[in-house]
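Notes for the structure review
Chain by chain, the residues:
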Amino acid sequence: FPSHDKGFYGCDKTKAFITCDYIVDDCYSNLNDFYLAGKKVGQIKFRQDYKKSVEPLKNYPICYNWEQVYGRLCK
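Residues numbered from 1 in each chain as written. Predicted model: local features only at pLDDT ≥ 70, side-chain atom pairs only at ≥ 80, totals over all residues. Heavy atoms only, no water.

1. A closer look at the sheet that holds strand 1 (residues 22–25)
Here is the rule: Pairs of strands are assigned from DSSP output, requiring at least two bridges between the strands. Think of it this way: any DSSP run of H or I at least four residues long counts as a helix, any run of E at least two long counts as a strand, and we number them from the N terminus. Contacts between residues were defined by any pair of non-hydrogen atoms, one from each residue, lying within 4.5 Å. Think of each axis as a best-fit line through the C-alpha atoms, taken over the contacting stretch in the case of a helix, with angles from 0 to 180 degrees between the N-to-C directions.
Read from one edge of the open sheet, three strands run 1-2-3, paired in parallel fashion. Each of the sheet's edge strands pairs with one partner strand only, and the pair in question is strand 1 and strand 3 (62–63). The sheet contact formed by strand 2 (residues 42–46) and strand 3 spans two bridges and is parallel. Within strand 3, the position partnered with Lys-45 by the bridge is Ile-62. Along the sheet face, helix 1 (residues 28–36) touches strand 1, strand 2 and strand 3 and points at about 170° away from the line of strand 2. Sheet strands in contact with helix 2 (residues 66–73) are strand 1, strand 2 and strand 3, and its direction is about 165° off that of strand 2.

Okay, structure coming up:
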């Protein structure tokens, strides 16, 4: 979240080593990495305008803005 100042994680190759409760990413390959690693992590696809020739390995929920992400996380 843009206003959240608790931490930022940058990654060179894969994000799947990060321990978290949820991953919100615009790239299916990053979401797939968490899925393949067997991590019990909530996964949210952010937006659909980032196109890459990677197919999702499962049906990830899609959010188009931060308000939708917030609404999904705070159910």
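2. Comments concerning the confidence of the model for the protein
As a reminder, the rule being used: Per-residue confidence from the prediction method is given by pLDDT, with values spanning 0 to 100.
Across the protein, the average pLDDT comes to 83, with 84% of residues at 70 or higher. Taken element by element, the predicted model of the protein shows its lowest mean pLDDT in strand 1 (90) and its highest in strand 3 (94).

3. Details of the side chain of Gln-43
Using the following cut-off: We define a polar contact as two N or O atoms separated by no more than 3.5 Å, with the added condition that, inside protein, one atom must be a possible hydrogen donor and the other a possible acceptor, whereas residues neighbouring each other in sequence contribute only through side-chain atom pairs.
Examined against the element boundaries, Gln-43 turns out to sit in strand 2. A distance of 3.0 Å separates a polar side-chain atom of Gln-43 from the backbone oxygen of Leu-31. Within polar-contact distance, the side chain of Gln-43 engages the side chain of Lys-58 at 3.2 Å. When sequence neighbours within four positions are dropped, the list of residues in contact with Gln-43 reads Tyr-22, Ile-23, Leu-31, Phe-34, Tyr-35, Lys-58, Tyr-60 and Pro-61.

4. Let's talk about the environment of Asn-65
Convention followed: Only protein chains enter the calculation, and the probe is 1.4 Å; a residue is then buried if its accessible area is under 20% of its type maximum, exposed if over 50%, and partly exposed in between.
When you line up the elements, Asn-65 lands in the loop between strand 3 and helix 2. Judged by its relative accessible area of 28%, Asn-65 falls in the partly exposed class. C-alpha of Asn-65 to C-alpha of Arg-47: the two residues are 18 residues apart in sequence and 7.2 Å apart in space.

5. Overview of the packing of aromatic side chains
Rules: The criterion for an aromatic pair is that two Phe, Tyr or Trp rings (for Trp, the six-membered ring) have centres within 6.5 Å, with stacked assigned to planes under 30 degrees apart, edge-to-face to planes over 60 apart and tilted to the rest. Only when the NZ atom of a Lys or the CZ atom of an Arg is both within 6 Å of the ring centre and within 35 degrees of the ring normal do we say a charge sits over the ring.
Considering all chains together, one arrives at two aromatic pairs under this definition. Between Phe-46 and Trp-66, the ring centres sit 4.6 Å apart and the planes meet at 25°, which makes this aromatic pair stacked. With Phe-46 in strand 2 and Trp-66 in helix 2, this residue pair connects regions lying 20 residues apart in the sequence. A relative accessible area of 13% places Phe-46 in the buried class. Under the relative-accessibility criterion, Trp-66 is labelled partly exposed at 34%. A cation over a ring is seen here: Lys-45 above Tyr-28, with NZ or CZ 4.9 Å from the ring centre.

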